[in-house]
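Spelled out from the first residue to the last, the chains are:
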Amino acid sequence: MKQVNFKRAAMALGVFATLLTGCSKGIDDFGNINRNPNATTIPITSALLTNVLAGAGGNVWGGGINTTAGLYCQYMSETQYTDISRYAQPVINWDGIYSGDLYDLQNIINVNTDPATKAAAAQFGSNNNQIAVARILKAYNFWMLTDAYGDLPYFEALKGKGTIAYDKQELIYPDLIKELKEAAAQFDGGLTIQGDIMYSGNTTKWKKFANSLIATIALRMSKANATLGKAEFAAAIAAGVIDNNADNAAIVYPGGNYRNPIYNYYVVTQRFDFAVSKTVTDQLTAKNDPRINVYTSNAKGFPYGMTRADALAWQTANPTFGFLYGFTATPQTLPMYLMTAGQVYLARAEGARLGWTTEVAATQYANGITAEFNRWGITNTATIATYLAQTDIALTGLASDVQKIAEQRWLSYFPDGNQGWAEYRRTGFPAMTPVPGSATAVPRRIPYGSNEPLYNPTNYASAAATYNSNSMSAKVWWDK
């Protein structure tokens, strides 16, 4: 009761980006009037971790930023209400992310650090192991946020300091890498963490995930800070990254209260506003890609960016079209992937082509495609070899390899719109047909939400000015 009331009060005061971190001082400042004497005063950190990880699937596919990004990179098409696809300016506030997953992760860190609570918290895993996992997931969540918005409250966020300035993305990126490095080094041989529905407390796999995040973050800096990117990318690969599907960062939904978000959308809520985009099915069909049988319920993609009237008319004339994965056949336990071996191998292919490592680009590229096919149950070696041998697939050492690698990375991230949109913005591939009847290009960022000028007006104004008055067409730091 007390924590919930604090968060609501903080929101009303406009400090949504700097919410309570879990220390007793922050709570006591609001008095004891709502204290429940029968409630635990120490959070059950295993439950917080499970909740954050289950919600991470929503960072791959879900509402708000995630759905918008998935539409911008044309993984999906809207079947009825097509405003986002036609680039109407979205209003997406980040309050719930700061006060939700980020708050919970900071809470895990705090109770495992505070001498008054760390001993009790250790029943859910060693203090160091819990802190390390929370730091990795915090970095992941902040990475998603800054790639969507650009500059944002970071260094002083989650410390209960009131309204604070936005930090530059070019400063956030190096600190994310620092946090991930320190977190990977913090794991100890103590008690296995509980509540971990991704790696069941396997610290070796968590380290690989952290290093894989570093490598991907570093590569995203390829046009903005190649010197730092190259150094950090090579170091991350050398430290050990995800290199087999058994180590994929997969949220394993047990079912029941924790269900796959796509299952929830199609099966539980019975909503069908999103279909697989024709952009995706055209890419898969043109490449004779067998993943078309798992990415979508059928090969007919929904045209992207139609007006509402045209979309309704099209689906009337075409009553069967592809929905994500198996549509109603999607099991509630289907994993959602934050990072996979195939995605990392394809990143290594790009890194090798840039000269950032001594690895062979073609080898890493083939490893990446093979791992991705295997992830989806496509294991026939002849099928994979035939696919890799196609003229528009095989690397040749020419400039066209840039596009081939980029398109394979875009395909590998489906349906993770955050990653697909970021890679499209960075590389320009795959080429996307402009929205019919619109002169507006694909948006480059999510505008700051409507709460920002209300609750943090001075800092908002400064940050918005960086992006041409909060324009969705303005580019974030690494988008060159």
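Given the structure is predicted, the values throughout are model-derived calculations rather than measurements.

Novice: Please clarify how the overall build of the protein should be interpreted in this entry.
Specialist: Counting its secondary structure elements, the protein contains 21 helices and four strands. Its C-alpha atoms give the protein a radius of gyration of 22 Å, within 12% of the compact-globule value 23 Å for 480 residues. Dimensions of the protein, computed from C-alpha atoms along their principal axes, come out at roughly 65 × 50 × 45 Å. Across the 480 residues in the protein, those meeting the buried criterion constitute 58%. Looking at the protein alone, contacts between residues at least 24 apart form 75% of all its contacts between residues at least 6 apart. Looking at the protein as shown, the accessible area adds up to about 18,300 Å², and 54% of this sits on carbon and sulfur atoms. Between the averaged position of the 38 positive side-chain charges in the protein and that of its 35 negative side-chain charges there is a distance of 0 Å.

Novice: In this structure, what is going on with the pattern of salt bridges? I would like to understand it.
Specialist: A side chain with one charge may pair with a side chain of the opposite charge, provided their charged atoms come close. For the structure shown, the criterion picks out 25 salt bridges. Salt-bridge contacts for Lys161 lead to Glu156; the nearest nitrogen and oxygen are separated by 2.5 Å. Looking at Glu156, the relative accessible area reads 30%, which means it is partly exposed. For the salt bridge of Lys278 with Asp282, the shortest nitrogen-to-oxygen distance reads 2.8 Å. Of this pair, Lys278 and Asp282 both sit in helix 12 (residues 278–286), four residues apart, which is roughly one turn of that helix. The exposure class of Lys278 is partly exposed, given its relative accessible area of 37%. Where salt bridges share partners, they join Asp147, Arg220, Glu350, Arg409, Glu423 and Arg426 into one cluster.

Novice: Explanation requested: the packing of helix 7 (residues 127–149) against helix 19 (residues 417–427) in the structure shown.
Specialist: Relative placement of two packed helices is described by the angle separating their axes and the distance separating the axes. Where helix 7 contacts helix 19, the axes come no closer than 11 Å and their chain directions differ by 45 degrees. Put simply, helix 7 runs oblique to helix 19. For the element pair helix 7 and helix 19, the recorded crossing hand is left-handed. The residues of helix 19 that touch helix 7, namely those facing Trp143, Met144, Asp147 and Ala148, are Asn418, Gln419, Trp421, Ala422 and Arg425. Its residues assigned to classes, the contact of helix 7 with helix 19 shows five nonpolar, two polar and two charged.

Rules behind the numbers
Within any chain, residue numbers begin from 1 and follow the written order of that chain's sequence. Where totals are concerned, whole chains, interfaces and linings use all residues; where local detail is concerned, this predicted model gives features only for residues with pLDDT of at least 70, and gives and counts side-chain atom pairs only at 80 or more. To obtain the side-chain values, all non-hydrogen atoms of the structure were used and water was disregarded. The helix and strand labels rest on DSSP assignments: H or I over at least four residues marks a helix, E over at least two residues marks a strand, and numbering proceeds from the N terminus. Note that the radius of gyration is over C-alpha atoms, with the globule rule given as 2.2 Å times the number of residues to the power 0.38. Each residue is placed in one exposure class: buried if its accessible area under a 1.4 Å probe, protein chains only, is under 20% of its type's maximum, exposed if it is over 50%, and partly exposed if it falls in between. In this description, contact between two residues means that some pair of their heavy atoms is separated by no more than 4.5 Å. Under the convention used here, a 1.4 Å probe and the Shrake-Rupley method define accessible areas, while residue burial counts only the protein chains that appear. For the purpose of counting charges, residues Lys and Arg are taken to be positive, whereas Asp and Glu are taken to be negative. His and the chain ends are not included. Note on charges: their place is set at NZ of Lys, CZ of Arg, CG of Asp or CD of Glu. Just to be clear on terms, a salt bridge is a Lys or Arg side-chain nitrogen sitting within 4 Å of an Asp or Glu carboxyl oxygen. Only C-alpha atoms enter the line fits that serve as axes; for helices the fit covers just the stretch in contact. Angles between N-to-C directions range over 0 to 180 degrees. Reported orientations rely on four angle classes, namely roughly parallel under 35 degrees, roughly antiparallel over 145, roughly perpendicular from 65 to 115, and oblique for the rest. The sense of a crossing depends on the near helix, which, turned anticlockwise from the far helix by less than a right angle, makes the crossing left-handed and, turned clockwise, makes it right-handed. Charged means Asp, Glu, Lys or Arg here, nonpolar means Ala, Val, Leu, Ile, Met, Phe, Trp, Tyr, Cys or Pro, and polar covers whatever is left, Gly included.

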